[in-house]
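Spelled out from the first residue to the last, the chains are:
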Amino acid sequence: ESTLGAAAAQSGRYFGVAIAANRLSDSTYATIAAREFNSVTAENEMKIDATQPQRGQFNFTAADRVYNWAVQNGKEVRGHTLAWHSQQPGWMQNLSGSALRQAMIDHINGVMSHYKGKIAQWDVVNEAFADGSSGARRDSNLQRTGNDWIEVAFRTARAADPSAKLCYNDYNVENWTWAKTQAMYRMVKDFKQRGVPIDCVGFQSHFNSGSPYNSNFRTTLQEFAALGVDVAITELDIQGASPSTYAAVVNDCLAVSRCLGVTVWGVRDSDSWRSEHTPLLFYNNGSKKPAYTAVLDAL
Ligand code: XIL
């Protein structure tokens, strides 16, 4: 195959990319994105601050720009993200307790109803666990509404759009030996045992010198899949873009039948949120990096 998306499709998977609405007018960017990928995640446009800037006033202008571009170019869409401690609008940052809990529920309903039946996977909850050795939940205004906020978010999401796969998404959960990974595993196991509606786990996979790729990532993917959820690599970027590490990540996904696909977090290095890491598959001039070839060969 000659593109990442077509190569991934040979094994029933997708190869996706994070898209920024304001870059779609850059023809180099749009040409690569349209050609190479068959799944799209909005890098920021479907987040809480973007979609509900004032309480009760939803704005899907930028989100729809990404969504419509994706559909017009034949790509499926991952929704990102509905409940998160970060990129909250000011009004939400100022809420607490039952008012914040209700605002979370209203937000999930508002965004999911706008896209009802149109989203392959939703990242319902993002980054709810703490880093480090505690295995605890991250402190946040949402966490302070009560430990059940995550399951309430998933139950709300299932009712709002039964056709979307509902994912929990986090970072520093790729290494099987890490406490954060084990804490997430216990939550997913508990949700499956109690019938909380969760369909998938997203592993962001922002690999860098502080949290490097480890070959036990495949074990992690296998262990979660064995709980009865799909897994996905949702925001892949690798500091330095080592071709062999990129190939290893792709091979880890391909080794797990419940791995739905891989999404890279941007097109060219200059589009990356960590551009100083030169972590992506395309040079700033749009040409393919060695990591691109390694990924294509692995798929
Ligand atoms: C990042 C975007 O790439 C940046 O443009 C933005 O300034 C901050 O958020 N985990 C996530 C993503 O789930 O939403 C984040 O995206 C990167 C880390």
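What counts, and where the lines are drawn
Residues numbered from 1 in each chain as written. Predicted model: local features only at pLDDT ≥ 70, side-chain atom pairs only at ≥ 80, totals over all residues. Heavy atoms only, no water. Helix = DSSP H or I, 4+ residues; strand = E, 2+ residues; numbered from the N terminus. Buried < 20%, exposed > 50% of the residue type's maximum accessible area, 1.4 Å probe, protein only. Polar contact = N/O pair within 3.5 Å; in protein donor to acceptor, adjacent residues only side chain to side chain. Pairing = 2+ DSSP bridges. Right-handed = clockwise from strand over helix to strand, strands pointing away. Salt bridge = Lys/Arg side-chain N within 4 Å of Asp/Glu carboxyl O. Disulfide = S-S within 2.5 Å. Phe/Tyr/Trp six-rings, centres within 6.5 Å; stacked < 30°, edge-to-face > 60°.

Caption draft 1: Focus on the environment of Thr 3. In this fold, Thr 3 is placed in the segment before α1 (4–9). The exposure class assigned to Thr 3 is buried, which follows from its relative accessible area of 15%. In this structure, the C-alpha to C-alpha distance between Thr 3 and Val 295, residues 292 residues apart in sequence, is 10 Å. A polar atom in the side chain of Thr 3 sits 3.2 Å from the backbone nitrogen of Ala 6.

Caption draft 2: Here's a closer look at the pairing of strand β6 (residues 200–203). The alternating pattern of β6 places Cys 200 and Gly 202 and Val 201 and Phe 203 on opposite faces, both of which are buried. Pairing geometry for strand β5 (residues 165–170) and β6, over 4 bridges, is parallel. Opposite Asn 169, over in β6, you have Gly 202 as the bridge partner. In this fold, β5 hands off to helix α8 (residues 179–194), which returns the chain to β6; that crossover is right-handed. Looking at chain direction, β6 and strand β8 (residues 230–238) are connected through 4 bridges and run parallel. Bridge assignment links Cys 200 to a residue of β8, and that residue is Asp 230.

Caption draft 3: Region of interest: the pattern of salt bridges. This structure, assessed with the given rule, holds 17 salt bridges. A salt bridge links Glu 151 to Arg 155; its shortest N-O distance comes to 3.6 Å. Remark: Arg 155 and Glu 151 occur in helix α7 (residues 149–160); sequence separation between them is 4 residues, near one turn of the helix. Asp 230 is paired through a salt bridge with Arg 258; the nearest N and O atoms lie 2.8 Å apart. Placement of the pair is Asp 230 in strand β8 and Arg 258 in the loop between α10 (243–254) and β9 (259–264), with a sequence separation of 28 residues. Asp 230 sits in the buried class, given a relative accessible area of 8%. One network of salt bridges, with partners in common, ties together Arg 23, Asp 26, Arg 268 and Asp 271.

Caption draft 4: The state of the cysteines, seen in detail. Applying the stated criterion across every chain yields a total of 2 disulfides. A sulfur-sulfur separation of 2.0 Å characterises the disulfide bridge that pairs Cys 167 with Cys 200. As the torsion about the S-S bond is roughly -85°, the Cys 167-Cys 200 disulfide counts as left-handed. Of the two residues, Cys 167 is situated in strand β5 and Cys 200 in strand β6; the sequence distance between them amounts to 33 residues. Taken individually, Cys 167 and Cys 200 each receive the classification buried, so the pair is uniform in this respect.

Caption draft 5: Summary view of the packing of aromatic side chains. Counted according to the given criterion, the structure contains 15 aromatic pairs. Plain terms: the ring middles of Phe 154 and Phe 191 are 6.2 Å apart, the flat faces sit at 70° to each other, and that makes the pair edge-to-face. Of this pair, Phe 154 sits in helix α7 while Phe 191 is found in helix α8, placing the two residues 37 residues apart along the sequence. Each ring, one from Phe 207 and one from Tyr 213, has its centre 5.6 Å from the other, and the planes form 90°; the classification is edge-to-face. Classification of Phe 207 by relative accessible area gives buried; the value is 4%. Linked through ring pairs, Trp 176, Tyr 185, Phe 203, Phe 207, Tyr 213, Phe 217 and Phe 224 together constitute an aromatic cluster.

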